[in-house]
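The lines below spell out each chain.
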Amino acid sequence: MSTVAVDALDAIQAVDPEIADLIHKEEQRQADSIRLIASENYTSKAVMQATGSVLTNKYSEGYPGKRYYEGQEFIDQIEQLAIDRAKALFKMDHANVQPLSGSPANQAVYMALLEPGDKVMGMHLAHGGHLTHGWKVNFSGKLFDSVQYTVSEKDHLLDYEAIREMAIKEKPKMIWAGISGYPRYVDFEKFGAIAKEVGAYLIADVAHISGLVITGNHPDPSPYVDVITTTTHKTLRGPRGGMFLCKEEHAAALDKAVFPCLQGGPHNHTTAAIAVALKEAASPDYSVYCGQIIKNAKALAAALQEEGFDIVTGGTDNHLMLVDVTSKGLGGREAASALNKAGVVCNSNAIPFDPRKPWDPSGLRIGTPAVTSRGMKEEEMKTIAKWISEVLANIQDEGTQTRVKREVKELCDQFPAPGIAS
Ligand SMILES: Cc1ncc(COP(=O)(O)O)c(C=O)c1O
């Protein structure tokens, strides 16, 4: 039986054995399970070392070359490297790597380009958008006049003519294009034409798909948008963090929105880890990895269909799929919970026009970034589909869950998790 490396926890063990024990258990859980949460991944050891470095000790309010405290000679170089690498990969004029995560990056965009009460248009949460794209209980829906577009009732795809008509009628000042739970390409060129026609800012939130975008595995928003925002911890495989990239004309306003408007000192340890992740993302291996994420997602969706599952839109173009478990007589929450007990971890998710409540929706969201980081390929996706099918067909049967959990561990041992396995 393989166990994960624990030597790095020695210091925590000495000070706080309770926390050391819980970190170790979480490490083992990540090593021993099939992680299919579409927004999660395994970072490299290099990214984790930067995250756990002395850079956490330093205050650096401001930006490279213009800081409010002394002692920035190395921090400036680190942040500048992260900025330069981000600009090169995303093909935009300007980058800011300081937002503390994806939602704060999006908050900065609203803060810089709009006034409270302005009209914004974003994708409905239950149709694949994100909370920060105008959802009513989020700051974006509370402080701004939000209208939400949906996918088409006919085929559950984005209907660009309907989005255009809504934009012409509503005249938003800002349009958000980006997904958390939509399994198909986003046509940024069409969004660009719509935004231009109505005079709106266009923001691409590529949090989920940033790795696919920068490796040419998803249409590129850069020619059409005012701003690109992203998290750094999903397909990009960096530390938990956020960043945005924009046209030069928005650079000053957006930088000021981060500091001094929304944040104080940047998290320099995270900035360094983002720089490392971006260096890794520029490598040919990473391009191959992103291509394989999609191959795996397509293979998993096809194998699940063969097992009789309904896949929303009939498949996927990206790293995720939505599985409607209604025809199996199940709800998403009970299905996700049973799978978790068997070591297959995903999340319940609303499907478009879901008749069930958001807390207990009809679907599962399943993504392949993490299993692909372990080196799994199409063959392993078939095995995973079979496990999902077996567990859900015998949802009350603890024996099936225990057996699948054992088989999951055996497969995981053959595909060591980056950043974890000794
Ligand atoms: C499209 C999109 N934007 C923004 C975010 C927010 O990121 P965070 O959770 O880091 O605030 C997410 C997170 O899942 C996302 O999917």
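Provided above is the structure to which this section pertains.
Residues numbered from 1 in each chain as written. Predicted model: local features only at pLDDT ≥ 70, side-chain atom pairs only at ≥ 80, totals over all residues. Heavy atoms only, no water.

Caption draft 1: Representation of the overall build of the protein. Check the secondary structure of the protein and you find 16 helices and 15 strands. A compact globule built from 422 residues would reach a C-alpha radius of gyration of about 22 Å, and the protein, at 22 Å, matches this within 12%. Based on the C-alpha atoms only, the size of the protein along its principal axes is roughly 60 × 55 × 35 Å. With an accessible surface of roughly 18100 Å², the protein has 54% of that area assigned to carbon and sulfur atoms. Once the 43 positive and 53 negative side-chain charges of the protein are each reduced to a mean point, those two points are 1 Å apart. (Helix = DSSP H or I, 4+ residues; strand = E, 2+ residues; numbered from the N terminus. Rg over C-alpha atoms; globule rule 2.2 N^0.38 Å. Areas by Shrake-Rupley, 256 points an atom, 1.4 Å probe, with all protein chains shown as cover. Lys, Arg positive; Asp, Glu negative; His and termini not counted. Charge placed at Lys NZ, Arg CZ, Asp CG, Glu CD.)

Caption draft 2: Just the packing of aromatic side chains, in detail. This structure, assessed with the given rule, holds eight aromatic pairs. Taking 5.7 Å as the distance between ring centres and 45° as the angle between the ring planes, the aromatic pair formed by Tyr286 and Tyr289 counts as tilted. Remark: Tyr289 and Tyr286 occur in helix H12 (residues 284-306); sequence separation between them is three residues, near one turn of the helix. Positioned over the ring face of Trp135 is Lys136, at 3.9 Å from the centre of the ring. Taking the ring centre of Tyr289 as reference, the NZ or CZ of Arg237 above it sits at 3.9 Å. (Phe/Tyr/Trp six-rings, centres within 6.5 Å; stacked < 30°, edge-to-face > 60°. Lys NZ or Arg CZ within 6 Å of the ring centre and 35° of its normal.)

Caption draft 3: Expanded view of helix H10 (residues 248-262). Taking 1.5 Å as the rise per residue, H10 with 15 residues should run 21 Å; its terminal C-alpha atoms sit 21 Å apart, in good agreement. Within H10, the axis deviates most sharply at Lys256, by approximately 30°, and proline Pro260 lies no more than four positions further along. If you check which residues of H10 are buried, you get His250, Ala251, Leu254, Asp255, Ala257, Val258 and Phe259. Where H10 is buried, its residues meet strand E2 (62-63), strand E4 (94-96), helix H5 (102-113), strand E8 (201-205), strand E9 (227-231) and strand E10 (242-246). (Expected span 1.5 Å × (residues − 1). Bend = angle between axes of the 7 residues up to and from the residue. Buried < 20%, exposed > 50% of the residue type's maximum accessible area, 1.4 Å probe, protein only. Contact = heavy atoms within 4.5 Å.)

Caption draft 4: Up close: the pairing of strand E7 (residues 174-178). Of all five residues that make up E7, five are buried, and the element is covered over most of its length. Neither face of E7 is exposed, since Met174, Trp176 and Gly178 on one face and Ile175 and Ala177 on the opposite face are all buried. Bridge count for strand E5 (residues 119-123) against E7 is two bridges, and the pairing is parallel. Across the sheet, the residue bridging to Val120 is Met174, located in E7. (Pairing = 2+ DSSP bridges.)

Caption draft 5: Representation of the side chain of Asn318. Within the element layout of this structure, Asn318 appears in the loop between strand E11 (310-311) and strand E12 (320-324). Look at Asn318 and you get buried, because its relative accessible area is 1%. A polar atom in the side chain of Asn318 sits 2.9 Å from the backbone nitrogen of Leu320. Ignoring anything within four residues of it in the chain, the contact list for Asn318 reads Ile179, Tyr182, Pro183, Arg184, Ile209, Leu212, Ile294 and Ala297. (Polar contact = N/O pair within 3.5 Å; in protein donor to acceptor, adjacent residues only side chain to side chain.)

Caption draft 6: Molecular detail of the environment of Asp159. Looking at the secondary structure, you find Asp159 in the loop between strand E6 (145-149) and helix H7 (160-170). You can call Asp159 partly exposed: its relative accessible area is 33%. Sequence-wise, Asp159 and Asp10 are 149 residues apart; in three dimensions their C-alpha atoms are separated by 54 Å. Within the structure, the side chain of Asp159 is placed 3.2 Å from the backbone nitrogen of Glu161, a separation counted as a polar contact.

Caption draft 7: Summary view of the site of the ligand. Around the ligand lies a shell of 13 residues, among which Ser101, Ser103, Ser180, Asp205 and Lys234 are the nearest. Between an oxygen atom of the ligand and a side-chain N or O atom of Ser103, the distance comes to 2.8 Å. Within the contact set of the ligand, an oxygen atom lies 2.7 Å away from a side-chain nitrogen or oxygen of Ser180. Bound to the protein, the ligand loses 83% of the 390 Å² it would expose on its own. Of the residues forming the shell around the ligand, the biggest block, three residues, is contributed by H5. (Near = heavy atom within 4 Å.)

Caption draft 8: View of the pattern of salt bridges. In the structure shown here, the tally under the stated rule is 22 salt bridges. Notably, a salt bridge pairs Lys409 with Asp32, separated by 3.4 Å at the nearest N-O pair. With a gap of 377 residues between them, Lys409 in helix H16 (residues 398-414) and Asp32 in helix H2 (residues 17-32) connect regions that are remote in the sequence. Of the charged contacts, one joins Lys119 and Glu170 as a salt bridge, the two residues approaching to 2.5 Å between their closest N and O atoms. Note that Lys119 is positioned in strand E5 and Glu170 in helix H7, a separation of 51 residues in sequence. (Salt bridge = Lys/Arg side-chain N within 4 Å of Asp/Glu carboxyl O.)

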